[in-house]
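Per-entry structural report
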Amino acid sequence: MNKLLNRIATNFCLKLMGGEVMPFGNFKRKWDMLSKEYPAIIDVNRIREGYALLNSFYLWAEERELRIADVGHSYIIRFVHNNEVYEYHGTLGIIAASKSNQPENLKFDFAIRLPDQTNIDLNLKTTFDHVGFQILYNQPLESTHIHHVRRNKDYFTIRDYNACLKKVKTVIVNVIKSIESNLWYPHETPLCNNCKAKEFCS
């Protein structure tokens, strides 16, 4: 449900970037379409819950006077290590103007559970995106900003570009080494029982 609501929020931001404010009636229509597309996930109660969450998101964006600078811009991180060229292709999410009018990596969380600050600070995708943004625009992101819609709470994490770049390079080099050496490190979750690639972890 979180991912589906984020699809609508991202669409709103895309239109907002182009100068169009999507009326709330469009939110309702899009949510109705998704509920028909995913009836196993979205029952009657969740349809109502979705309306309420989208309304909260809409009011927050209106009150904040949300301004969007970029959505879904692709980037390439390219570097040389031991005379070999490495590349990582990524895609930015939503880039908004912060309250101090600086670029921030904006994410929306519609989940019931509040996000964990430690997980936010360690999130690898966020680290890659901070490097990718600097490469694209030659300026740093002020922060990554997570807005928890259900509780109307905001979480922030700040990254140092040089530390991020060092971590990104280390991760890319080590992942490729592991793949080439056929080394697979299991990350155990409740989904493991039904995983189709479970034999690689044994």
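Note: the structure precedes this text.
Below is a summary of the structure that appears in this document. (Residues numbered from 1 in each chain as written. Predicted model: local features only at pLDDT ≥ 70, side-chain atom pairs only at ≥ 80, totals over all residues. Heavy atoms only, no water.)

Within the protein chain, the secondary structure is distributed over 6 helices and 7 strands. Traced from its N-terminal end to its C-terminal end, the protein chain shows the element sequence α-α-α-β-β-β-β-β-α-α-β-β-α. Looking at the protein chain residue by residue over its 202 residues, the buried ones come to 38%. Residue pairs at least 24 apart in sequence account for 67% of intrachain contacts in the protein chain once pairs closer than 6 positions are excluded. With an accessible surface of roughly 12700 Å², the protein chain has 53% of that area assigned to carbon and sulfur atoms. Both charge centroids of the protein chain, one from 26 positive and one from 22 negative side chains, sit 3 Å from each other. (Helix = DSSP H or I, 4+ residues; strand = E, 2+ residues; numbered from the N terminus. Buried < 20%, exposed > 50% of the residue type's maximum accessible area, 1.4 Å probe, protein only. Contact = heavy atoms within 4.5 Å. Areas by Shrake-Rupley, 256 points an atom, 1.4 Å probe, with all protein chains shown as cover. Lys, Arg positive; Asp, Glu negative; His and termini not counted. Charge placed at Lys NZ, Arg CZ, Asp CG, Glu CD.)

Taken as a whole and judged by the stated rule, the model has 5 salt bridges. A salt bridge links Arg78 to Glu87, with the nearest nitrogen and oxygen atoms 2.6 Å apart. Residue Arg78 is classed as exposed on the basis of its relative accessible area, which comes to 52%. (Salt bridge = Lys/Arg side-chain N within 4 Å of Asp/Glu carboxyl O.)

Moving on: helix α5 (residues 124–137). An ideal rise of 1.5 Å per residue puts 20 Å on 14 residues; α5 measures up with 20 Å between its terminal C-alpha atoms. At the N-terminal end of α5, a side-chain oxygen is found 3.1 Å from the backbone nitrogen of Lys125, two or three residues along, and the residue is Asn123. Once α5 ends, the next one or two residues include Asn138, with phi positive near 55°. (Expected span 1.5 Å × (residues − 1). Polar contact = N/O pair within 3.5 Å; in protein donor to acceptor, adjacent residues only side chain to side chain.)

Within the largest apolar cluster, 29 residues are counted, with the highest numbers of intra-cluster contacts made by Phe12, Trp31, Phe57, Leu66 and Phe108. For this core, the secondary-structure elements that each account for two or more residues are α1 (2–17), α2 (24–37), α3 (44–64), β1 (68–71), β4 (94–97) and β5 (103–109). In this view, Phe108 contacts Asn2, Asn6, Ala9, Cys13, Phe57, Trp60, Ile94 and His147; residues no more than four positions away in its chain are not counted. Of all hydrophobic cores here, the second largest spans 15 residues; its members include Ile95, Cys164, Leu165 and Ile172. (Core = buried A, V, L, I, M, F, W, Y, C linked by side-chain atoms within 4.5 Å.)

Here β4 shows a buried face lined by Ile94 and Ala96 and a second buried face lined by Ile95 and Ala97. Here β4 runs beside β5; their pairing, made up of 4 bridges, is antiparallel. Directly across from Ala96, in β5, lies its bridge partner Glu104. The antiparallel hairpin formed by β4 and β5 contains 5 residues in its connecting segment, where Asn101 sits at a positive phi of about 65°. (Pairing = 2+ DSSP bridges.)

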